[in-house]
Amino acid sequence: DGEISLSRSMVNSSDKINQKTGSSVFQHSVERWKINSSLVLDIRKNILRFLDAERDISVVKSSFKPGDVIHYVLDRRRTLNISQDLHSLLPEVSPMKNRRFKTCAVVGNSGILLDSGCGKEIDNHEFVIRCNLAPVVEFAADVGTKSDFITMNPSVVQRAFGGFRNESDREKFVHRLSMLNDSVLWIPAFMVKGGEKHVEWVNALILKNKLKVRTAYPSLRLIHAVRGYWLTNKVFIKRPSTGLLMYTLATRFCDEIHLYGFWPFPKDMNGKPVKYHYYDDLKYRYFSNASPHRMPLEFKTLNMLHNRGALKLTTGKCV
Ligand code: CTP
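The following paragraphs examine the structure supplied in this document.

Rules used in this analysis
- Residues numbered from 1 in each chain as written.
- Predicted model: local features only at pLDDT ≥ 70, side-chain atom pairs only at ≥ 80, totals over all residues.
- Heavy atoms only, no water.
- Axes fitted to C-alpha atoms, helices over the stretch in contact; angles between N-to-C directions.
- Helix = DSSP H or I, 4+ residues; strand = E, 2+ residues; numbered from the N terminus.
- Parallel < 35°, antiparallel > 145°, perpendicular 65-115°, else oblique.
- Contact = heavy atoms within 4.5 Å.
- Nonpolar A, V, L, I, M, F, W, Y, C, P; charged D, E, K, R; others polar.
- Phe/Tyr/Trp six-rings, centres within 6.5 Å; stacked < 30°, edge-to-face > 60°.
- Buried < 20%, exposed > 50% of the residue type's maximum accessible area, 1.4 Å probe, protein only.
- Core = buried A, V, L, I, M, F, W, Y, C linked by side-chain atoms within 4.5 Å.
- Disulfide = S-S within 2.5 Å.
- Near = heavy atom within 4 Å.
- Polar contact = N/O pair within 3.5 Å; in protein donor to acceptor, adjacent residues only side chain to side chain.
- Areas by Shrake-Rupley, 256 points an atom, 1.4 Å probe, with all protein chains shown as cover.
- Expected span 1.5 Å × (residues − 1).

Moving on: the packing of helix H10 (residues 222–232) against helix H11 (residues 242–250). The geometry of H10 relative to H11 is characterised by a closest axis approach of 11 Å and an angle of 85 degrees between their N-to-C directions. Judged by the inter-axis angle, H10 sits roughly perpendicular to H11. Contacts between H10 and H11 involve Leu 222, Val 226 and Trp 230 from the former and Leu 244, Leu 245, Tyr 247, Thr 248 and Leu 249 from the latter. When grouped by side-chain class, the residues that make up the contact of H10 with H11 number seven nonpolar, one polar and no charged.

And the structure:
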């Protein structure tokens, strides 16, 4: 059974990663990489037992009416009101309904991308998924610019757009969204309390400026379902990172998934420093217990899946 063999190898993987120093000793085949199509199908089938990405990737208009009160997914005691604006931005049907691709890129935000020259290769994929509204234009040679699907945690408003305090912050944001045209902007608005006013401001700006971007808001069950899949396969994550969520969802739509920008370590394989993000000065938060993520464990799992041909993980330069 695909699930059992997957979990056995996830546990027995001999890769070793030293989380404290960030140095890593792991087997990673580059030349020999070949897609294992039957494993890809097995993984898709098993994930479908936990979630259906077509549906769980976004709630739709008929899920709620304006004024409904819902409980936050990871903070059940707190509630959120479905506003008129939010309701008007919910899609009528899943933005990923019936969409299928031969090859997809999932682009994480690690500084490992700097100087990689991977931009062209990333842009050559049929569908490109990016995380947290990461900037692309200034880094095009290394990260590309094609963005068919992009996530945005509500905290991005504070972190990258000054909390919309000035008109120039709002303009910068509107400009960034207008570059996305009619791509999907995926906002996890129902996870934890704290970002509701940011989500409302974002919604208001999209409506006011009549932006074409197609908004999507993950279902209330998505994160538990994704965690359930990985836990069943003995990958003991506390909360899946955006990058792992995107890979898990992409298995539904993409035959071949290539990951770039996944490297949650402060040094590369030659001991050279690697920035946490390719575009800002954020530090490696997940070494503290406060972080909800276990990115090194996720990475080890993804690397094992690379070695088995289920996905392709690029951590070096693109030629
Ligand atoms: N990532 C990585 N190594 C890094 C930074 C990021 O592997 N040094 C991957 C992770 O899977 C992460 C994704 O790239 O989820 C996007 O990065 P980021 O925007 O930094 O996500 P975070 O805000 O750190 O985490 P999340 O949005 O999941 O809370």
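What follows picks up the thread again.
The general pattern is negative phi for most residues beyond glycine and trans for most peptide bonds. You will see that Asn 98, though not glycine, has its phi angle at about 60 degrees, which is positive. Here Asn 98 shows up in the loop between helix H4 (84–89) and strand E5 (101–107). Non-glycine residue Asp 115 carries a positive phi angle of around 70 degrees. With respect to the helices and strands, Asp 115 occurs in the loop between E5 and helix H5 (119–123).

It is worth spelling out the packing of aromatic side chains at this point. To describe a pair of aromatic rings, you give the distance between the ring centres and the angle between the ring planes. Within the structure shown, the criterion is met by 16 aromatic pairs. Ring plane angle 75 degrees and centroid distance 4.9 Å describe the contact between Tyr 229 and Trp 230, whose orientation is recorded as edge-to-face. For the pair Tyr 229 and Trp 230, one class covers both residues: buried. Aromatic pair Trp 263 and Phe 299: ring centres 5.4 Å apart, planes at 80 degrees, arrangement edge-to-face. With Trp 263 in the loop between strand E10 (254–260) and helix H12 (295–307) and Phe 299 in helix H12, this pair connects stretches of sequence that are 36 residues apart.

Looking now at the nonpolar core. Counting residues in hydrophobic clusters, the biggest one holds 48 residues, and the most contacted among them are Phe 149, Trp 186, Trp 230, Tyr 247 and Leu 259. When residues of this core are assigned to their parent elements, the largest contribution, six residues, is made by H11. The contacts of Leu 259, once residues within four sequence positions are left out, are Val 106, Tyr 247, Leu 302, Leu 311, Lys 312, Leu 313 and Thr 314. By size, the runner-up hydrophobic cluster in this structure holds 34 residues, among which are Leu 89, Ile 187, Phe 190 and Ile 223.

Moving on, we come to the state of the cysteines. Applying the stated criterion across every chain, the model contains two disulfides. Covalent S-S linkage joins Cys 104 and Cys 254, the inter-sulfur distance amounting to 2.0 Å. One quick way to see it: the torsion about the S-S bond of Cys 104 and Cys 254 is about -85 degrees, and its sign makes the bridge left-handed. Residue Cys 104 is found in strand E5, and its partner Cys 254 is found in strand E10; the two are separated by 150 residues along the sequence. Pair check on accessibility: Cys 104 and Cys 254 agree, each one buried. Covalently, Cys 118 is tied to Cys 318 through a disulfide, its sulfur atoms 2.0 Å apart. Where Cys 118 bonds to Cys 318 through sulfur, the torsion about that S-S bond is close to 90 degrees, and the disulfide is right-handed. Placement of the pair is Cys 118 in the loop between E5 and H5 and Cys 318 in the segment after strand E11 (312–314), with a sequence separation of 200 residues. Residue Cys 118 is classed as buried on the basis of its relative accessible area of 1%.

Here we come to H10. When we look at burial in H10, the residues that qualify are Leu 222, Ile 223, Ala 225, Val 226, Gly 228, Tyr 229 and Trp 230. Lys 234 sits one or two residues past H10 and shows a positive phi near 65 degrees.

This brings us to the site of the ligand. Taken together, 18 residues lie near the ligand, and Asn 132, Asn 153, Thr 242, Tyr 276 and His 277 sit nearest. Between the ligand and Asn 153, the relevant distance is 2.7 Å, taken from an oxygen atom to a side-chain nitrogen or oxygen of the residue. One nitrogen or oxygen atom from the side chain of Tyr 276 is found 2.6 Å from an oxygen atom belonging to the ligand. Relative to its free-state accessible area of 560 Å², the ligand is covered by the protein chains to the extent of 96%. Residue composition of the shell around the ligand, by class: six nonpolar, eleven polar and one charged.

To continue, consider H12. Taking 1.5 Å per residue, 13 residues should reach 18 Å; H12 reaches 18 Å between its end C-alpha atoms and fits that length. Burial analysis of H12 places ten of its 13 residues in the buried class, which makes it a mostly covered element. Every buried residue of H12 is listed here: Met 295, Pro 296, Glu 298, Phe 299, Thr 301, Leu 302, Asn 303, Met 304, Leu 305 and His 306. Following H12 by one or two positions, Gly 309 adopts a phi angle in the positive range, close to 85 degrees.

Turning our attention to the environment of Trp 186. Inspection of the secondary structure puts Trp 186 in strand E8 (residues 184–186). C-alpha of Trp 186 to C-alpha of Tyr 217: the two residues are 31 residues apart in sequence and 5.7 Å apart in space. When neighbours within four sequence positions are excluded, Trp 186 is seen to be in contact with Ile 57, Phe 149, Ile 150, Thr 151, Met 152, Ala 216, Pro 218, Leu 222, Leu 245, Met 246 and Leu 249.

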